[in-house]
Amino acid sequence: LVPVAMGAGFGAGLGLALASSAFIGGSFVLKKKGLLRLCGRGRAGQGGHAYLRERLWWAGLLCMGVGEAANFAAYAFAPATLVTPLGALSVLVSAVLSSIFLNEQLNVHGKIGCILSILGSTVMVIHAPQEEEVSSLESMAEKLKDPGRFIVFAVCVLVSSLLLIFVAGPRYGQSNVLVYVLVCSAIGSLSVSCVKGLGIALKELFSGKPVLKEPLAWVLLVCLVICISIQINYLNKALDIFNTSVVTPIYYVLFTTAVMTCSAILFKEWQHMVLDNVIGSISGFLTIVSGIFLLHAFRDMPFTPNLLPLFLQPGGADPHPPWSSADRHQSCQHQPLLPSEDKGSQSTEEEEEEEK
């Protein structure tokens, strides 16, 4: 076991993960902006590839590449259970930039959701596992060959992805956001495993080991290229059909769940965690999910100052106070005890006397 010290390695992994979230969050907005310029010409949601001629789309792809590279390096310094939850910050960056550059609404519910996502990410970072179970390509190969764990998981991911692509996609892809996002999330869990393995290979390469002669390193590289290509293709479809503020949070929740499941099966990062850290990690993740839900579910709900309590509204006072200026000088004990009918008769008698 190689301890992940709360020092240079942890700081490097944390910094790279934060930079990755910033670049990836901005890439969503840039690619959406490029897709909007197509004006119906060869849309990705209809199988077209006209977005390849848009500079903004390529800028978004470049930002995503930089973000993924930073994410790649972060996995080499820290466990996946620590790095992946910080992807919530990409949701926040995307939501804020979408409200600025794409005129997508970010109301008070969305802002509360952003705060909850940040708090949940902080809790998960605090309670993340401080150990790495895989420190060499040899141990990585042993875990990949485990028939009772990772092989079964990988087969389930591949079969479900094929069903989503060839069965559910043609029927429900244009109306249900989960179809294409599930494909990206499921394949993304495998790409994270490849990234983790390649990060370990690079660390061994820099330490002087003959990694280039290892077949596993090349297999991981080929699998990573295939997985990323599939993710980019179906993420473009989802972004072209649905709103960015819808695709981004759902993609984060599903992707994080898939990666955490894959890490628990392959890398066994949860195996040596004490109960407090397990509960803290789960609570932090549920807090992030709650924030993402607020960010997504109420995005189209207008929130005006009139919906605030009276003491929080602009002006800070009720325009129709329950006590008028004349009533302020009267105590409840001095109110007339006569019923309403008697009050009416009394007032009519007073009017008759005045007429006389």
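In the block above lies the structure referred to throughout.
Predicted model only: the values in this text are computed from it and were never measured.

Overview of the overall build of the chain
Then comes step 1: Helix and strand counts for the chain come out as 12 helices and 2 strands.
Then comes step 2: Starting at the N terminus and ending at the C terminus, the chain contains elements arranged as β-α-α-α-α-α-β-α-α-α-α-α-α-α.
Then comes step 3: The proportion of buried residues among the 356 residues of the chain is 45%.
Then comes step 4: Taking the contacts inside the chain whose residues are at least 6 apart along the sequence as the reference set, 82% of them involve residues at least 24 apart.

Regarding the pattern of salt bridges
Then comes step 1: Inspection of the entire model under this criterion finds 1 salt bridge.
Then comes step 2: Two residues, Glu204 and Lys209, come together in a salt bridge whose shortest N-O distance is 3.9 Å.
Then comes step 3: Taking relative accessible area as the criterion, Glu204 reaches 10% and is therefore assigned buried.
Then comes step 4: For Lys209, a relative accessible area of 45% gives the class partly exposed.

A look at the packing of aromatic side chains
Then comes step 1: The final tally for this structure, using the stated rule, is 4 aromatic pairs.
Then comes step 2: A centroid spacing of 6.4 Å and a plane angle of 40° characterise the contact between Phe150 and Phe153, whose relative ring orientation is tilted. In this pair, Phe150 and Phe153 both sit in helix α7 (residues 150–172), 3 residues apart, roughly one turn of the helix.
Then comes step 3: Aromatic side chains Tyr180 and Tyr234 sit 5.7 Å apart centroid to centroid with 35° between the ring planes, which places their arrangement in the tilted category. With Tyr180 in helix α8 (residues 178–206) and Tyr234 in helix α9 (residues 215–241), the pair connects residues that are 54 residues apart, well separated along the chain. Per residue, the accessibility class of Tyr180 equals that of Tyr234, and both read buried.

What to know about the packing of α7 against α8
Then comes step 1: The N-to-C vectors of α7 and α8 enclose an angle of 155°; their axes lie 9 Å apart at closest approach. The orientation of α7 with respect to α8, classified from their angle, is roughly antiparallel. Here α7 runs over α8; the crossing is left-handed. When α7 is examined against α8, the residues Phe150, Phe153, Ala154, Val157, Leu158, Ser161, Leu164, Ile165, Ala168, Gly169 and Tyr172 are found in contact with a partner set consisting of Val179, Tyr180, Leu182, Val183, Ala186, Ile187, Ser189, Leu190 and Ser193.
Then comes step 2: Counted by class, the contact of α7 with α8 contains 16 nonpolar, 4 polar and no charged residues.

Let's talk about the side chain of Ser21
Then comes step 1: With respect to the helices and strands, Ser21 occurs in helix α1 (residues 8–36).
Then comes step 2: Residues contacting Ser21, with those up to four places away along its chain left out, are Leu86, Gly87, Leu89, Ser90 and Val93.

Comments concerning the layout of surface pockets
Then comes step 1: What the largest pocket holds in volume is close to 560 Å³.
Then comes step 2: Surrounding the largest pocket, 31 residues form its lining, Ile24, Glu68, Asn71, Tyr251 and Phe255 being those nearest its centre.
Then comes step 3: When residues of the lining of the largest pocket are traced back to their parent elements, those giving at least two are α1, α2 (55–77), α4 (88–101), α8, α9 and α10 (244–266).
Then comes step 4: Here the lining of the largest pocket gets 7 residues from one element, more than from any other, and that element is α2.
Then comes step 5: Split into classes, the residues belonging to the lining of the largest pocket amount to 19 nonpolar, 11 polar and 1 charged.

Considerations on the packing of α8 against α9
Each packed pair of helices is defined by two parameters, the angle between the axes and the distance between the axes.
Then comes step 1: It is the contact of α8 with α9, at a shortest axis distance of 8 Å, that shows an interaxial angle of 150°. The orientation of α8 relative to α9 falls into the category roughly antiparallel. Relative to α9, the crossing made by α8 is left-handed.
Then comes step 2: Looking at the contact of α8 with α9 residue by residue, the class counts come to 21 nonpolar, 4 polar and 1 charged.

Some words on a nonpolar patch on the surface
Then comes step 1: A cluster of nonpolar residues, Ile151, Val155, Val159, Leu162, Leu163, Phe166 and Val167, forms a patch on the protein surface that exposes about 640 Å² of accessible area.
Then comes step 2: Its location among the elements puts Leu163 in helix α7.

How each quantity is defined
- Residues numbered from 1 in each chain as written.
- Predicted model: local features only at pLDDT ≥ 70, side-chain atom pairs only at ≥ 80, totals over all residues.
- Heavy atoms only, no water.
- Helix = DSSP H or I, 4+ residues; strand = E, 2+ residues; numbered from the N terminus.
- Buried < 20%, exposed > 50% of the residue type's maximum accessible area, 1.4 Å probe, protein only.
- Contact = heavy atoms within 4.5 Å.
- Salt bridge = Lys/Arg side-chain N within 4 Å of Asp/Glu carboxyl O.
- Phe/Tyr/Trp six-rings, centres within 6.5 Å; stacked < 30°, edge-to-face > 60°.
- Axes fitted to C-alpha atoms, helices over the stretch in contact; angles between N-to-C directions.
- Parallel < 35°, antiparallel > 145°, perpendicular 65-115°, else oblique.
- Left-handed = near helix turned anticlockwise from the far one by under 90°.
- Nonpolar A, V, L, I, M, F, W, Y, C, P; charged D, E, K, R; others polar.
- 1 Å grid on protein atoms, 1.4 Å probe; cavity = no way out; pocket = protein on both sides within 12 Å on 5 of 7 lines; lining within 4 Å.
- Points joined across faces, edges and corners; volume = space filled by probe spheres on them.
- Patch = residues over 30% accessible without salt bridge, like charges linked within 9 Å, V, L, I, M, F, W, Y side chains within 5 Å.
- Areas by Shrake-Rupley, 256 points an atom, 1.4 Å probe, with all protein chains shown as cover.

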